[in-house]
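Survey of secondary and tertiary structure
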Amino acid sequence: MNGKDALDVTAAAGLPVEEVVARLDGTTGGLTQAEAERRLAVVGPNSLRTHRARRFAVLARQLRSPLLILLAVTAAASFFLGESSDALIIGVILAVSVGLGFFNEYRAEKAAEALHTQIRHRCLTLRDGRPRLVDVVTLVPGDVVTLRLGDIVPADLRLVSTAGLECEESVLTGESLPVAKAVRPVGPGTPLAELSACALMGTVVHAGSGTGVVVATAGRTEFGRIALQLGERHPDTEFQIGLRKFSMLLVRVAAALTAGIFVINLVLHRPVLDALLFSLAIAVGISPQLLPAVVSTSLAAGTHRLAQHRVLVKRLVCIEDLGDIDVLFTDKTGTLTEGRISFMRSLGPDGRPDDQVLELGLLCNEAVLDGQDGETGRTASGNPLDVALWEAPAAALRPGPTSRRLAVVPFDHERRAASVLVEDDDGRMIITKGAPEAVLARCAAVGDRAGAVLEAEFAAGNRVVAVATRRLSGAAARQATLTPADEHDLTFRGLLVFLDPPKAGASRALERLAGLGITVKVLTGDNPAVAAKLCADLGLPGGRVLTGQDVEAADDVRLAALIEQAVVFARVSPEHKARIVRVQRRNGLDVAFLGDGVNDALALHAADVGISVDAATDVAKDAADVLLLEKNLDILADGVTQGRQIFANTMKYVLMGTSSNFGNMFSAAAASAFLPFLPMLPSQILLNNLLYDSSQLAIPTDNVDPEQLRRPSRWDVSLIRRFMLFFGPISSVFDFVTFAVMLGVFHAGPSLFRTGWFVESLATQVLVVFAIRTRRVPFFRSRPSVPLLMAALGVVALGAIIPATPLAAVLGFQPLPGPFFVALGLMVAAYLALIEFGKRRFYRAAPQALAGGGRTAAHRTHRRAHRFSTAARERRRTRAAGKGGPRSRQTGPLQRGRPARGEMSPGDD
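Predicted model only: the values in this text are computed from it and were never measured.

Counting its regular elements, the protein contains 34 helices and 26 strands. For the protein, the proportion of contacts with a sequence separation of at least 24, taken over those separated by at least 6, is 77%. When the accessible surface of the protein is summed, it comes to about 35900 Å², and 59% of that surface belongs to carbon and sulfur atoms.

Here you go:
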């Protein structure tokens, strides 16, 4: 393959398969491993994202604050104008502050990079003539890829063969209806939405299967171009948007205070440089410099704690997504039940035991057996019901087989049945086994007794499979093939009854999820009566039981109303599951889906949070955002709790900043208006801010009250603004009391005054965390974490000791008299008491808001693009290919804009 032979998918769709393969210098049998590696070195990885922690990028984020840069420039100017000691102190404090933020954020970025290296997305590819699972980022043009139900198409493919293949292409075109695929070429000028001869990167296999040859990878694909147009950073979550809005609120407040203070100092004829430094220090003091580090540290710590709870997230933002879950759709087997299905008995049409039904069930069986016939200790794998038949004691006692299978029609979710053609001494016979409703509908006649037996087993909560047969006679007796059309005029032979008991602890786990405000609904292919009985036994609230037929008959508006009424959805197909999830999402709720089978992949892709288990099928694990190392709803509840704890702890930092920093800065502005000197030197303000921020780095370790975890929370900037305006003045009141004490009682000069206010402001703004961190009154009813307790008390002690050390003279401090500390203790106690009183009134009028969904198409595109990512730096040729080259027409909503430039920030998802 060489550059002049490169194809885009539009051109390939109009060419015969043979010509496409020839132009790619390939074969329909795929590439050799050596050739694939050679091509990979030429074209680069099939990736759209990089996950690398870059030191300089993290450092740049620490330095890009305009206020910080302006303060550093002003400090440098003061150095050259003769104020060298003050400028040096300010420079050291700024360097330590930047270093602290850099250290914590870079450590979090490394954690994100380590997380990414654990995740692999693979696809089935022909290499060296054999099927092989390879990482999607190693695909190259000319590779031949096999597509299965639920797969995400890993590159732009020209289809070589199809078997009922349909792809859901909404990520590209905005159309939710699946598109049927075929091998025949399309005409020239065919729009993207009608390229039936191709499967496009990022789309989902909705039905059927197929194979295709890779035409384009990475930025040369249609999906890659769109993803790069949207930019390489993952779109902000609601959590991140709230952070940005809060930061902008403080920037506006800081700008107003800075300008006001600067003007006041100029009116009072103070030196311009001193006034500017003081004003800028005030602005830096109110800005939440360590907020990104606090959030990053919280996410990284949350990932570590989730891993300890046996939960693996594929992206850091998945932790936030887990905390936002409103509705959980889950399968039944293995989640609410033990998942160890055991065969109980076989019954004839009259309800009496009949071992021949078991014999027929073993003949019509898709389990894969290890070893040869006649060997002992053979093990079975595959469909759990078929495996349970082979593992039943009655099966081990059966005589050797007297029939041989000639043809098989496997089970599928449309027919809900499987059939085999067997030959024995009496001739040839069709055996059909499957869901009772599906099998009985294919029978010529069914007695009343059979219906009563079936209903009794369903009512007992047992899983039931029906068996029916048809003897072939005449010309049909020589039949050697089998199709679904042959499943007619069957004779009902009996029932196979299985037991899958409720999982121990499932009821308690459901109670935990309900306590977290999560509504749990069950999607299952099982019988409605069986599913309803299980849910009732586990204590799930009753409601209407919907079936796949109900889903089919309702339009989206009607289905949305039905979903609100129902808890159990039974006899639903993979398409039904995905549609139910999509309709529920459109109601503005955050929806999670938990599943582990191939038939769950579509719903996993459709959910806001796809959750699977480590023992799931490869397709389900690949589609999921979160993996549970054990299929247990208790583990999922742990994950939700971690997500909400991160939000709650971040809010503690935010609310502290509004209640104390704003008050202190307001006090500084007022004091500078009536004092004949600056109330605090710029270096002292920055030192105060550095010590305060250092104490807050322990917040991610803090405990969270259970009542704060009962439902999702969302950012409400108006609530934060009200909090700032309500509690900020309370802080200022005690600052003014301190001013009065220092001037009226201790007759303090500038140095002593600044020392007293430094110690008091640090003590109040740090210790208020114990009141702000909880809504409980009094606050000591909620226990903080030991690291937070030690950090807060340690910083307050350090602030009180500094004026008594040799550093005092350098920083402009002097030792405080002993009685001051008595007054300080009384003021801190009174301050916390007043905060408690205000807290009771404030929260009574401002309840916690519920979270909402509303993720954009861009969010889902970036989420899909995440699987095409590598930890290595992207090759420039891949990046350039995403920006240029022939473009095919796009019909979807994401066609506007130009490809983004530059590389992705480290740790972006």
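Picking up where we left off.
Under the counting rule described, the total for this entry stands at 17 aromatic pairs. Seen in terms of ring centroids, F727 and F842 are 5.7 Å apart; in terms of plane orientation they differ by 65 degrees. Their pairing is edge-to-face. Here F727, found in helix α27 (residues 717-745), pairs with F842, found in helix α32 (residues 818-845); they are 115 residues apart in sequence, far enough to count as distant. Accessibility assignment for this pair places F727 and F842 in one class, buried. Ring centres 4.7 Å apart and planes at 45 degrees place the aromatic pair F758 and F813 in the tilted group.

The next point concerns the environment of F723. Residue position: F723 is located in helix α27. The class for F723 is buried, based on a relative accessible area of 1%. Put simply, F723 and K839 are 116 residues apart on the chain and 9.4 Å apart in space, counted from C-alpha to C-alpha.

With that out of the way, let us pick up the sheet that holds strand β24 (residues 609-613). If you trace the eight strands from one edge of the open sheet to the other, you get β9-β25-β24-β23-β10-β20-β22-β21, paired in mixed fashion. The open sheet has two edge strands, β9 (311-313) and β21 (544-547), and neither has a second partner. With strand direction ignored, the average angle separating the axes of adjacent strands in the sheet is 20 degrees. Pairing geometry for β24 and strand β25 (residues 626-628), over three bridges, is parallel. Counted as the bridge partner of V613 is L628 from β25. Contacting β20 (519-523), β21 and β22 (566-570), helix α19 (residues 528-538) runs over the sheet at an angle of about 140 degrees to β22. In the packing of helix α21 (residues 556-565) onto the sheet, the strands contacted are β10 (327-330), β20, β21 and β22, and the crossing angle to β22 comes to about 110 degrees.

It is worth spelling out the environment of V704 at this point. Within the secondary structure layout, V704 lies in the loop between α26 (682-696) and α27. Sequence-wise, V704 and R644 are 60 residues apart; in three dimensions their C-alpha atoms are separated by 9.0 Å. With sequence-adjacent residues up to four places away left out, V704 is seen in contact with Q645, A648, N649, K652 and L709.

Okay, the pattern of salt bridges next. On inspection of all chains with the given rule, the structure shows 33 salt bridges. Here E437 and R571 are joined by a salt bridge, their closest N and O atoms 2.7 Å apart. One end of the pair, E437, is in helix α16 (residues 436-441); the other, R571, is in the loop between β22 and α22 (574-586), and 134 residues separate them in sequence. A relative accessible area of 12% places R571 in the buried class. The partner of R512 in a salt bridge is D634, and the shortest N-O contact between them spans 3.0 Å.

So, about helix α3 (residues 33-43). Three or four residues apart is the spacing at which side chains of an α-helix point the same way, because the helix has 3.6 residues per turn. Every buried residue belonging to α3 is among A36, R39 and V43, and all of these are buried. Angular distribution of buried residues about the axis of α3 spans 65 degrees; they occupy a single face of the element.

Quick look at a nonpolar patch on the surface now. Taken together, the side chains of V786, L789, M790 and L793 define a hydrophobic patch exposed on the protein surface, amounting to about 380 Å² of accessible area. Looking at the secondary structure, you find L789 in helix α30 (residues 786-801).

Note: most residues except glycine have negative phi, and most peptide bonds are trans. A cis amide bond links V777 with the next residue in sequence, P778, at an omega value of -5 degrees. Note on placement: P778 falls in the loop between α29 (769-772) and α30. Positive phi is not limited to glycine here, since D25 has a value of about 55 degrees. The backbone phi angle of D128 is positive, close to 55 degrees, even though this residue is not glycine. Mapped onto the secondary structure, D128 falls in the loop between β2 (122-127) and β3 (130-135). Note on D128: relative accessible area 35%, which makes it partly exposed.

This paragraph deals with the side chain of T547. Among the structural elements, T547 can be located in strand β21. Apart from the residues within four sequence positions on either side, T547 is in contact with P528, A570 and V572.

It is worth spelling out the pairing of β3 at this point. Direction of pairing for β2 relative to β3: antiparallel, over a ladder of six bridges. Bridged to L124 within β3 is L133. From the end of β2 to the start of β3, which pair antiparallel, there are two residues, and D128 there has a positive phi angle of about 55 degrees.

The sheet contact formed by β2 and strand β4 (residues 144-147) spans three bridges and is antiparallel. When the bridges of β4 are listed, L124 appears paired with T146. Pairing geometry for β4 and strand β8 (residues 204-216), over four bridges, is antiparallel. The residue bridging T146 from the neighbouring strand is T211, located in β8.

Let us now look at the packing of helix α28 (residues 750-767) against α32. Where α28 meets α32, the axes come as close as 10 Å, and the angle between the chain directions of the two elements is 30 degrees. Taken together, α28 and α32 sit at an angle that is classed as roughly parallel. Once α28 is placed against α32, the crossing between them reads as right-handed. Where α28 approaches α32, its residues G756, V759, E760, A763, T764 and L767 are matched on the opposing element by F820, L824, M827, V828, Y831 and L832. Its residues assigned to classes, the contact of α28 with α32 comprises nine nonpolar, two polar and one charged.

Further remarks concern α22. Taking 1.5 Å of rise per residue, 13 residues should cover 18 Å, and α22 covers 19 Å from first to last C-alpha, within 8% of that figure. Most of α22 sits out of view: ten of its 13 residues are buried. Among the residues of α22, P574, H576, K577, A578, R579, I580, V581, V583, Q584 and R585 are the ones counted as buried. Where α22 ends, the next residue or the one after it, G588, has phi of about 85 degrees, a positive value.

Here K433 lies in strand β16 (residues 427-434). Of the polar contacts made by the side chain of K433, one reaches the side chain of D386; its length is 2.5 Å. Ignoring any residue separated from it by four or fewer positions in sequence, one finds K433 in contact with G361, C364, N365, D386, L389, A417, A418, V439, V465, A466, V467 and L496.

Here we take up the confidence of the model for the protein. Here the protein shows a mean pLDDT of 80. Residues at 70 or above account for 81%. For the stretch residues 849-854, pLDDT sits under 50, and the model shows 17 contacts to residues farther than four places along the chain or on other chains. When the criterion is pLDDT under 50, residues 873-909 qualifies, and its contacts beyond four places in sequence or with other chains add up to 114 contacts.

Calculation notes
Throughout, a residue's number is its position along its own chain's written sequence, starting from 1. For a predicted model such as this one, the threshold for reporting local features is a pLDDT of at least 70, and the threshold for listing and counting side-chain atom pairs is 80 or more; totals across whole chains, interfaces and linings nevertheless cover every residue. Side-chain metrics rest on all non-hydrogen atoms present in the structure, leaving aside hydrogens and water. Helix and strand labels come from DSSP, where a helix needs a run of H or I of at least four residues and a strand needs a run of E of at least two; each type is numbered from the N terminus. Here a residue-residue contact requires only that any non-hydrogen atoms of the pair lie within 4.5 Å. Areas reported as accessible are Shrake-Rupley estimates using a 1.4 Å probe. Residue values count occlusion only from the protein chains shown. Two aromatic rings, drawn from Phe, Tyr or Trp (for Trp, its six-membered ring), form a pair once their centres lie within 6.5 Å of each other, and the interplanar angle then sorts them: stacked below 30 degrees, edge-to-face above 60, tilted otherwise. Exposure categories follow from relative accessible area, calculated using a 1.4 Å probe and restricted to protein chains: below 20% of the type maximum is buried, above 50% is exposed, and the middle band is partly exposed. The pairing criterion is simple: DSSP has to find at least two bridges between the two strands. Between the N-to-C directions of two axes lies an angle of 0 to 180 degrees, each axis being a line fitted to C-alpha atoms and, for a helix, fitted only over the stretch in contact. We define a salt bridge as a side-chain nitrogen of Lys or Arg found within 4 Å of a carboxyl oxygen belonging to Asp or Glu. Here, the arc refers to the directions that run from the helix axis to the C-beta atoms. Residues qualify for a patch when their relative accessible area is over 30% and they have no salt bridge, like charges being joined within 9 Å and the nonpolar side chains of Val, Leu, Ile, Met, Phe, Trp and Tyr within 5 Å. Angular relationships are summarised with four words: roughly parallel below 35 degrees, roughly antiparallel beyond 145, roughly perpendicular across 65 to 115, and oblique for the angles in between. Put simply, a crossing is left-handed when the front helix is turned counterclockwise from the back one by less than a right angle, and right-handed when it is turned clockwise. Just so you know the grouping, Ala, Val, Leu, Ile, Met, Phe, Trp, Tyr, Cys and Pro go in nonpolar, Asp, Glu, Lys and Arg go in charged, and all remaining residues, Gly too, go in polar. In this scheme, a helix's expected span is set at 1.5 Å multiplied by one less than its residue total. Two N or O atoms form a polar contact when they lie within 3.5 Å of each other; inside protein one atom must be a possible hydrogen donor and the other a possible acceptor, and for residues adjacent in sequence the pair counts only when both atoms belong to side chains. Think of pLDDT as the predictor's per-residue confidence, scored from 0 to 100.

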